[in-house]
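Overview (structure and organization)
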Amino acid sequence: MFEQVPADIHAPENIEATFHERTEVSDARGLQGELLTARVDRVIKGLIKNDTVKIFLYQGCPRASGGHGIILGDLQGDPLLGLMLIPKDQSVR
């Protein structure tokens, strides 16, 4: 999570968001993580059109500090959890 959009990281989805809920979950592959529900304050780049978005952080990855910031990532669908934003540094899983 960033305070400003970094110039050296590129992702298809860039949003400014405020987190309001965190839940421990498993995705369809059984990977453990934390599902954040966030209000979309501003779409900087991408196709997100909803007022809220789910953000999945895999277990062992750095957690977002604070409750507000810029998130860069990719939208991915999961049969159990639905459409989620996967932060850029975690998209390679």
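About the cut-offs
Residues numbered from 1 in each chain as written. Predicted model: local features only at pLDDT ≥ 70, side-chain atom pairs only at ≥ 80, totals over all residues. Heavy atoms only, no water. Helix = DSSP H or I, 4+ residues; strand = E, 2+ residues; numbered from the N terminus. Polar contact = N/O pair within 3.5 Å; in protein donor to acceptor, adjacent residues only side chain to side chain. Contact = heavy atoms within 4.5 Å. Buried < 20%, exposed > 50% of the residue type's maximum accessible area, 1.4 Å probe, protein only. Salt bridge = Lys/Arg side-chain N within 4 Å of Asp/Glu carboxyl O. Core = buried A, V, L, I, M, F, W, Y, C linked by side-chain atoms within 4.5 Å.

Time to look at the side chain of Asp-78. Mapped onto the elements, Asp-78 comes out in strand 4 (residues 68–78). At 2.9 Å, the side chain of Asp-78 and the backbone nitrogen of Leu-80 are in polar contact. Of note is the side chain of Asp-78, whose polar atom sits 2.9 Å from the backbone nitrogen of Leu-81. When sequence neighbours within four positions are dropped, the list of residues in contact with Asp-78 reads Asp-27, Ala-28 and Met-84.

Mapped onto the elements, Pro-6 comes out in the segment before strand 1 (13–26). Given a relative accessible area of 15%, Pro-6 falls into the buried group.

Let's shift gears to the pattern of salt bridges. Where charged atoms from two side chains of opposite charge come close, those side chains can pair. Following the criterion strictly, the structure yields four salt bridges and no others. Between Arg-22 and Glu-34 there is a salt bridge, and its shortest N-O distance comes to 3.6 Å. Of the two residues, Arg-22 is situated in strand 1 and Glu-34 in strand 2 (residues 32–45); the sequence distance between them amounts to twelve residues. Note that Asp-41 is salt-bridged to Arg-39, the shortest N-O span being 2.7 Å. Its relative accessible area of 32% is what places Asp-41 among the partly exposed residues. For Arg-39, a relative accessible area of 43% gives the class partly exposed.

The next subject is the environment of Arg-29. Position of Arg-29 among the secondary structure elements: in the loop between strand 1 and strand 2. The exposure class assigned to Arg-29 is exposed, which follows from its relative accessible area of 52%. There is a polar contact of 2.8 Å between the side chain of Arg-29 and the side chain of Tyr-58.

The next point concerns the nonpolar core. Core analysis: the biggest nonpolar cluster contains twelve residues, these being Ile-15, Ala-17, Phe-19, Leu-36, Ala-38, Val-40, Ile-48, Val-53, Ile-55, Leu-57, Ile-71 and Leu-85. Of all the secondary structure elements, the ones that give two or more residues to this core are strand 1, strand 2 and strand 3 (52–58). Excluding anything up to four places from it in sequence, Ala-17 contacts Ala-38, Arg-39, Asp-41, Gly-67, His-68 and Gly-69. Counting seven residues, the second largest nonpolar core, distinct from the first, contains Leu-35, Phe-56, Tyr-58 and Leu-81.

Honestly, it's all geometry; don't read function into it.
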